[in-house]
Amino acid sequence: MARKRKNRTHLKGTSKDASSSSAPKSFIIKHGQVGHSITQLVRDMRRVMEPNTASRLKERNRNKLKDYLVMAPALQVTHLLAFTLTDVAPSFRIVRLSNGPTLSFRVERYSLMKDVLKSTKKARSMGMEYLTPPLLVLASFPAPGPDTPSHLPLVMKAFQSLFPSLSPQNLTLSSARRVVLVAYNPERGTIDFRHYIITVKPYGVSKRVRRVLEGVSSKGSSSHVLDLGNEKDVADFLLRKRGEPGPDGYESASSAESIAGDDGDAVNLADDYVGRNNKKGQRRAVRLDEVGPRMELKLVKITEGIPGKEGAVMYHDFGECCTVDFVRKSKKEIAEQKAAHAAKEKLRKQRREEQERNVARKKAGKEKAKGKKSVDDEDEEGEEEEYEDEDENMEGYDSEEEEGDDEGAWDEDEEISEGEESEDDEEPEESSEDGEEQPPPRPTKRVKIKGKR
């Protein structure tokens, strides 16, 4: 029996740009004390940036922003999107790794995915749309010119660098499933962020006719057969006006509600697209369904470098009452600022070199102590061997002494006297010069002593 081959259907339709190593990758994090809403906003933004983001990244309270900046280059991460909560409003930063710049925004207003989905009935997210990166659309940004604010081109490039570049030769139609809209509002000086899902429907066909063609009966029904049991005629279902129960309320098929009646919304499919009967060459209506999240961003500051290694301030907003424009500084102020940054960088370099020297010195000290310890261990082993040889010699000497003791050991019944009688004791004592007789000597007492080994 032949082995069944598994088809990886979930990989079909993915673009080559999504899996290429040149596609930008991002970390989306929160840092500091934030509430539940900001946490959910971070999760929603991770869904928007899929599949080229760490969607399951878990932050810990002890993690600092520096930890992500150090770890990102090793994982080929190109952007860091950080949310935090300030006393005024939530803050949003886009950091281009690893040399900057850093764009700081103030989040004026925002809506979560769940709030947007509850407010509309037609938006449905199935989950397969997030296997490919979204398409970026920049709207309402002024054309470059002498009257154009100088910071807007940099903002446009910052958002463009977040998403993979489009290649018409390699892009497949079925991979275009989502759209991210970044629109500039010149009246408020803010940037609107929107997220949509692309849906394709039959063009020029009313909703009721489409339900007949597709065979879908009612919402929530699992049957593929349309239920017309409550209708006397099929015309009652197809041509009756909404809210009119009788046959007098018929309307023409041309004026019936359609998915997209405008010719501007209809396109001829250049290739097969996801969905039923969406074949190449078919005329279909394209619609965008918003799924969220929404954000209204106010640009606050643009700086060179990354957090912790900031450089010169390229743009700064002085407040709502001030005109948004680049900070104008004199040549003297610019020179002073460059000198201050150079001094700070020099001090940072000196501290880094000093730290490296301290680490090298500690490492050398540890190796030296380790070598000394090994020498001491060898000396101790030599002394132990000498002690063992001496112990063996002492054991031999003790054994010889024991043998000598056995030979000259005392008998238990041996009689020992306090002293031996000498020849002088046997001879009679001479009289003294005075002629007095001396008393006879006291006889010696014999003592019987039992000896022990």
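As recorded in an unreviewed UniProt entry, the chain goes by the name Brix-domain-containing protein, listed as coming from Dendrothele bispora.

### Section: the layout of surface pockets
Vacant regions in the atomic arrangement are exposed by a probe of water-molecule size rolled over the atoms. Considered as a void within the structure, the second largest pocket measures approximately 310 Å³ in volume. Lining the second largest pocket are Lys66, Leu69, Val70, Ile306, Pro307, Gly308, Lys309 and Arg348. The element contributing the most residues to the lining of the second largest pocket is helix α3 (residues 65–71), with three residues. Along the lines of polarity and charge, the residues of the lining of the second largest pocket split into four nonpolar, one polar and three charged.

### Some points on the nonpolar core
One recurring pattern in soluble globular proteins is that nonpolar side chains are buried together. Ranked by internal contacts, the top residues of the largest apolar core, which has 37 residues, are Phe83, Phe92, Ile94, Phe105, Phe159, Ile191 and Leu297. Among the elements of the structure, α2 (36–48), β2 (79–85), β3 (90–96), β4 (102–111), α5 (152–160), β6 (178–185), β7 (190–202) and β10 (294–306) are those that each provide at least two residues to this core. The element contributing the most residues to this core is α2, with five residues. Residues within four places of Phe92 in sequence aside, it is in contact with Leu81, Ala82, Phe83, Leu103, Ser104, Phe105, Val107 and Leu297. Judged by nonpolar contacts, the second largest core, of 13 residues, contains Tyr68, Ala72, Val77 and Ile306.

### Observations regarding the pattern of salt bridges
One pass over the structure, following the stated rule, counts 10 salt bridges. Taking the shortest distance from any N to any O, the salt bridge between Asp289 and Arg287 comes out at 3.3 Å. Asp289 gets classed as buried once you look at its relative accessible area, which sits at 9%. A relative accessible area of 22% places Arg287 in the partly exposed class. Two residues, Arg348 and Glu345, come together in a salt bridge whose shortest N-O distance is 2.5 Å. Of this pair, Arg348 and Glu345 both sit in helix α8 (residues 331–407), separated by three residues, roughly a single helical turn. A relative accessible area of 22% means that Arg348 is categorised as partly exposed. Since its relative accessible area comes to 42%, Glu345 is described here as partly exposed. Here the salt bridges share partners, and the residues they tie into one network are Lys30, Arg46 and Glu59.

### Concerning the side chain of Lys298
By secondary structure assignment, the location of Lys298 is in strand β10. Comment: no salt bridge for buried Lys298; closest opposite-charge side chain is Asp317, at 4.2 Å. Of note is the side chain of Lys298, whose polar atom sits 3.5 Å from the backbone oxygen of Arg188.

### A word on the packing of aromatic side chains
The description of an aromatic ring pair rests on the distance of the ring centres and on the angle between the ring planes. One pass over the full model with this rule turns up four aromatic pairs. Pairing Phe105 with Phe159 gives two aromatic rings, centres 6.1 Å apart and planes at 50°, and the pair type is tilted. One end of the pair, Phe105, is in strand β4; the other, Phe159, is in helix α5, with 54 residues separating them in the sequence. Here Phe105 matches Phe159 in class, with each residue buried. Taken together, the ring pairs in this structure connect Phe83, Phe92, Phe105 and Phe159 into an aromatic cluster. Above the ring of Tyr203, the side-chain terminus of Arg283 is found at 5.3 Å from the ring centroid.

### Details of the pairing of β6
Along β6, seven of the eight residues are buried, which leaves the element largely enclosed by surrounding structure. Where strand β5 (residues 135–139) meets β6, five bridges bridge the pair, whose relative direction is parallel. Within β6, the residue paired with Leu135 across the bridge is Val179. One crossover worth recording links β5 to the parallel β6 by way of α5, and it is left-handed. Hairpin connection of β6 to β7: four residues between the antiparallel strands, including Gly189 at a positive phi of 70°.

### Details of the UniProt feature "transmembrane region" (unreviewed entry) in the chain
Residues given the UniProt feature "transmembrane region" (unreviewed entry) here are residues 68–86. When the span residues 68–86 is considered, its composition is 21% helix and 37% strand, and the gap between its end C-alpha atoms is 20 Å.

### Points about α5
Within α5 the residues assigned to the buried category are Leu152, Val155, Ala158 and Phe159. When α5 is viewed along its axis, its buried side chains cluster within an angular range of 115° and face the same direction. Of the surrounding secondary structure, the elements contacted by the buried residues of α5 are β3, β4, β5, β6, β7 and β10.

Analysis parameters
Residues numbered from 1 in each chain as written. Predicted model: local features only at pLDDT ≥ 70, side-chain atom pairs only at ≥ 80, totals over all residues. Heavy atoms only, no water. 1 Å grid on protein atoms, 1.4 Å probe; cavity = no way out; pocket = protein on both sides within 12 Å on 5 of 7 lines; lining within 4 Å. Points joined across faces, edges and corners; volume = space filled by probe spheres on them. Helix = DSSP H or I, 4+ residues; strand = E, 2+ residues; numbered from the N terminus. Nonpolar A, V, L, I, M, F, W, Y, C, P; charged D, E, K, R; others polar. Core = buried A, V, L, I, M, F, W, Y, C linked by side-chain atoms within 4.5 Å. Buried < 20%, exposed > 50% of the residue type's maximum accessible area, 1.4 Å probe, protein only. Contact = heavy atoms within 4.5 Å. Salt bridge = Lys/Arg side-chain N within 4 Å of Asp/Glu carboxyl O. Lys, Arg positive; Asp, Glu negative; His and termini not counted. Polar contact = N/O pair within 3.5 Å; in protein donor to acceptor, adjacent residues only side chain to side chain. Phe/Tyr/Trp six-rings, centres within 6.5 Å; stacked < 30°, edge-to-face > 60°. Lys NZ or Arg CZ within 6 Å of the ring centre and 35° of its normal. Pairing = 2+ DSSP bridges. Right-handed = clockwise from strand over helix to strand, strands pointing away. UniProt positions renumbered as here; feature names shortened; annotations may be inferred. Arc of directions from axis to C-beta.

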